[in-house]
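Structural characterization, general
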Amino acid sequence: MTLSLHHQPLTAEALAEQFFRNCAGEWTSQRRYYSLNSGETQEVTSEITVEFLEPERELLRELAQRHQLQSETPFLCGSRVTWESHYEGVSRKPSRGKTVFGVRGDILYRDRGFATPKPVIADFWFTNPETMCLRTEYNNSSFEEELKLIGEKYRTRQTVICRDGEELMIGQYLETRR
């Protein structure tokens, strides 16, 4: 007798749930932004907390309302990210913030964008189970990101920011789990 095992490929939602669960925790983020027009760089260190959100969490219901989605549990899961950032080499107060993400199909819903307080969506996909890619567009700008888990202790991120089709900035991040 021959035994045949057929594995169904994981859906984008299932990969996102696994990725968000694996990202939960406390992180120190060291990042550098490169301004492509001026050649200037900016270094920032942030303390980040990533919390995995189950579908029934009130934060996800509030996110669904912001996006005008109708459903008792509109998201498979989500994540809340809070941070405090310190900018090096400039006299600027520390920056604090938070954002909520929700996963539905192959769309990542967010309560706010990088450069807008309005809710935004991003297309997402995985090149492998440890690497999530995102593309967000609004106000003639686009943001392409790659987040990659490296073992249990490290994560890298890269962001390319474009406006009107021109690349303006690249952000590179090394994040270490505390």
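Provided above is the structure to which this section pertains.
Everything numeric in this text was worked out from a predicted model, so none of it was measured.

**Quick notes on a nonpolar patch on the surface**
A cluster of nonpolar side chains, contributed by I150, Y154 and L174, occupies part of the molecular surface with about 240 Å² of accessible area. Here I150 shows up in strand β8 (residues 141-150).

**Quick look at unusual backbone geometry**
Despite not being glycine, Q68 shows a phi value in the positive range, around 55 degrees. Mapped onto the fold, Q68 is located in the loop between α2 (58-66) and β3 (77-88). Since its relative accessible area comes to 68%, Q68 is described here as exposed. The phi angle at N140 is positive, at roughly 60 degrees, despite the residue not being glycine. With respect to the element layout, N140 can be found in the loop between β7 (131-138) and β8.

**Overview of α2**
Those residues of α2 lying buried are L59, L60, L63 and A64. Angularly, the buried residues of α2 cover 140 degrees about the axis, an arc narrow enough to put them on a single face. Packing partners of the buried residues in α2 comprise β2 (41-53), β3, β4 (95-104) and β5 (107-110). Directly beyond the C-terminal end of α2, a positive phi value near 55 degrees is found at Q68.

Scoring rules and cut-offs
Once a new chain begins, its residue numbering starts again from 1 and follows that chain's sequence as written. In keeping with the model being predicted, local features are shown solely for residues with a pLDDT of at least 70 and side-chain atom pairs are shown and tallied solely at 80 or more, while totals for entire chains, interfaces and linings include all residues. Side-chain measures were taken over the full set of non-hydrogen atoms in the model, leaving aside hydrogen atoms and water. Patches were defined on residues exceeding 30% relative accessible area and lacking a salt bridge, with like-charge contacts within 9 Å and nonpolar side-chain contacts (Val, Leu, Ile, Met, Phe, Trp, Tyr) within 5 Å. Surface accessibility follows the Shrake-Rupley procedure with a 1.4 Å probe radius. Residue values consider only the protein chains on display as shielding. Salt bridges, as used here, are contacts in which a Lys or Arg side-chain nitrogen is within 4 Å of a carboxyl oxygen on Asp or Glu. The helix and strand labels rest on DSSP assignments: H or I over at least four residues marks a helix, E over at least two residues marks a strand, and numbering proceeds from the N terminus. Any residue under 20% of the maximum accessible area for its type is buried, any over 50% is exposed, and the rest in between are partly exposed; the area is computed with a 1.4 Å probe on protein chains only. This arc is taken over the directions from the axis of the helix to the C-beta atoms. Contact between two residues is taken to exist if any of their heavy atoms lie within 4.5 Å; hydrogens are not considered.

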